[in-house]
Amino acid sequence: MTDASDRPDAGLGERLRELDAVAMPDRGQLFEDMFSEVKAQCDKSDRTLAGFLRSRSTAARRMLVLSIFAVLGIAGWFAFPVIDVEGRSVQWTASLVAFCILLVLAMFMVTRPVHLPALPRWQSVSLVAVAVGATIVAAFWPIPAALSAAHDHGGGFMAGACMGVGLLLGVPVYALLRLVDRGNALGNLVAAAAAGVAGNFVLKAHCAIPGTSHELLGHASVALVFVVGLGLVHRWIPSK
Amino acid sequence: MSPDPRAGASDEDLMSAYVDGDDAAFRLLFERYAPILLRLTRRHLRDDELAQEIVQQTFFRLHGARNDFRQGSKLRPWVMTIAMNLVREHWRRKKRRKVTDLEVDTQAAPEADFMPLELRQRSALLHGALERLPHSQREVVELHWFQERPYAEIAQIVGTSEGAVRVRAHRAYTTLKQLLVSEIRGDE
């Protein structure tokens, strides 16, 4: 309990006490109704996939997300051709590692337990900004043009195709992170940034089309579309 | 609500029982904490309906987070932290929507139907003074004075150091005293 010496002096204390004096009268029925509503809401939530996943322990939720990321990443890596060895520059590797780190950070933020103080907004906003920024920086490290001799690519059309693929690949990542999010502030934006980064990871690993303009239009745009698009959607339709 | 033989059990025992699937324990926890949380949220929000909604959301989140509860943990900081996070989130959204002060005022004075006039006026004055405190100081006053929580626990709830909480409390009480000084002199 509080130490008496820490309390404000008698005059102020007396006034503050008045606020307790005007507390509500007995509201037994009100609490009964409130509890019934909460219980119904909990029962309804338990019957949904999101409710089931969100009620797993934080360790279990994190393991689940990491496992799904790992399975998808490994399956994709071997299922589709990765760019040639000559194209795997230090920058290319650094981009992939940075995307992985950002994905893991986003996962930790989204799955943060709600009984801990909420993270300051600037941390979530910074992660989103860094994620979008990283995809843009990665676009300035394209694969060497010499490697693209075998590829007949049609400029804007291919950028559009890459963007479409990136967006499609990001959707399951976004959905998964939303399913395990217990309601952290800005969790939707962090999940959107993670989806964009995941799309960029796959495109960076597999897309052999060279050129900064292609990577900006077809790759980096994925993260931007996710963040801006879903940010606007949540602004218009705020989640509960 | 019907009496339960475990009414004397500790919060932590009830929470452990709830984690093990005992729904009645959840009801007992609600009975214990809902009135405390309602007072806490009403003072922050000055809106009865919203305060009730946040209390319900707190328990909904507690239900969702129940599998994170470990033996040896204290339940009270858990519940308070969830509620304070929700209150902060509410203010953040409200600020974002740029709701006018006029709208806030129309939602105020929830006790109007059962408070004597003088007490209502004094309460409004106090609420006004509390509202003029920065949010970080107001939540410390709320937890320290009204909920009688020790500084160490408040630090855990608001996510800062105990020293910072002491500084905030000191500043808040000094500011409150300055704001109410003329009124206090009138009482003497």
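Because the structure is predicted, anything quoted here is derived from the model rather than measured.

**Considering the overall build of chain A**
Argument step 1. Along its length, chain A carries nine helices and zero strands.
Argument step 2. Tracing chain A from N to C terminus, the helices and strands come up as α-α-α-α-α-α-α-α-α.
Argument step 3. The burial tally for chain A puts 45% of its 240 residues in the buried class.
Argument step 4. Taking contacts inside chain A between residues at least 6 apart in sequence as the whole, the part at least 24 apart equals 81%.

**A short note on the packing of helix α6 (residues 121-139) of chain A against helix α8 (residues 187-206) of chain A**
Residues and elements named next belong to chain A.
Argument step 1. Closest axis-to-axis distance for the α6/α8 pair is 9 Å, and the angle between their directions is 20°. Judged by the angle between their axes, α6 and α8 are roughly parallel. The handedness of the crossing between α6 and α8 comes out as left-handed. Counted together, Ser124, Leu127, Val128, Ala131, Thr135 and Ala138 of α6 and Leu189, Val190, Ala193, Val197, Asn200 and Lys204 of α8 form the full contact between these two elements.
Argument step 2. Taken together, the residues of the contact of α6 with α8 break down into eight nonpolar, three polar and one charged.

**Examining the pattern of salt bridges**
Any two side chains of opposite charge can pair, given that their charged atoms come close.
Argument step 1. Summed over all chains, the structure comprises 13 salt bridges over all chains.
Argument step 2. With its nearest N and O atoms 2.8 Å apart, the salt bridge here joins Glu153 of chain B to Arg149 of chain B. For the residue pair Glu153 of chain B and Arg149 of chain B, the accessibility class agrees, reading buried in each case.
Argument step 3. With a closest N to O distance of 3.4 Å, Arg166 of chain B and Glu162 of chain B form a salt bridge. Here Arg166 of chain B pairs with Glu162 of chain B, and both are found in helix α9 (residues 162-187), just four residues apart, close to one helical turn.
Argument step 4. Glu162 of chain B sits in the partly exposed class, given a relative accessible area of 35%.
Argument step 5. A cluster of three or more residues bridged by salt bridges with shared partners is formed by Lys39 and Asp43 of chain A together with Asp23 of chain B.

**Things to note about the side chain of Asp11 of chain B**
Residue and element names in this part refer to chain B.
Argument step 1. Looking at the element boundaries, Asp11 is found in helix α1 (residues 11-19).
Argument step 2. Within the structure, the side chain of Asp11 is placed 2.5 Å from the side chain of Tyr33, a separation counted as a polar contact.
Argument step 3. In this structure Asp11 touches Leu29, Arg32, Tyr33 and Leu75, once residues within four positions along its chain are discounted.

**Points about the side chain of Ser55 of chain A**
Argument step 1. Along the chain, Ser55 of chain A turns up in the loop between α3 (49-54) and α4 (58-79).
Argument step 2. From its side chain, Ser55 of chain A meets the backbone oxygen of Gly51 of chain A in a polar contact 3.1 Å long.
Argument step 3. Within the structure, Ser55 of chain A has its side chain in polar contact with the backbone oxygen of Phe52 of chain A (distance 3.0 Å).
Argument step 4. Contacts of Ser55 of chain A, omitting those with residues within four sequence positions, involve Arg182 of chain A together with Gly64, Arg66 and Asn67 of chain B.

**Considerations on the environment of Glu215 of chain A**
Argument step 1. Within the fold, Glu215 of chain A resides in helix α9 (residues 212-236).
Argument step 2. As for Glu215 of chain A and Ser126 of chain A, which are separated by 89 residues in sequence, their C-alpha atoms are 23 Å apart.

Conventions used here
- Sequence order as written defines the numbering, with residues in each chain counted from 1.
- All chains are assigned letters beginning at A, and all ligands numbers beginning at 1, according to the order in which they are written.
- Under the rules for a predicted model, residues below a pLDDT of 70 receive no local features and side-chain atom pairs below 80 are neither given nor counted, while totals for whole chains, interfaces and linings still include all residues.
- Excluding hydrogens and water, the side-chain figures rest on all heavy atoms present in the structure.
- Starting at the N terminus, helices and strands are each numbered in turn, a helix being any DSSP run of H or I of at least four residues and a strand any DSSP run of E of at least two.
- Relative accessibility thresholds used throughout: buried, under 20% of the residue-type maximum; exposed, over 50%; partly exposed, between the two (1.4 Å probe, protein chains only).
- Whether two residues touch is decided by their heavy atoms; if any such pair falls within 4.5 Å, the residues are in contact.
- In this analysis an axis means a line fitted to C-alpha atoms, helices contributing only their contacting stretch, and an angle means the value between N-to-C directions, from 0 to 180 degrees.
- Each angle gets one of four labels, with under 35 degrees taken as roughly parallel, over 145 as roughly antiparallel, 65 to 115 as roughly perpendicular, and the rest as oblique.
- By convention the crossing between two helices is left-handed if the near helix lies anticlockwise of the far one by an angle smaller than a right angle, and right-handed if it lies clockwise.
- Polarity classes work like this: nonpolar for Ala, Val, Leu, Ile, Met, Phe, Trp, Tyr, Cys and Pro, charged for Asp, Glu, Lys and Arg, and polar for all others, with Gly in that last group.
- Basic side-chain nitrogens of Lys or Arg form a salt bridge, by our definition, when they fall within 4 Å of a carboxyl oxygen of Asp or Glu.
- For this analysis, a polar contact is any N or O atom pair within 3.5 Å, provided that within protein one partner can donate a hydrogen and the other can accept it, and provided that sequence-adjacent residues contribute only side-chain to side-chain pairs.

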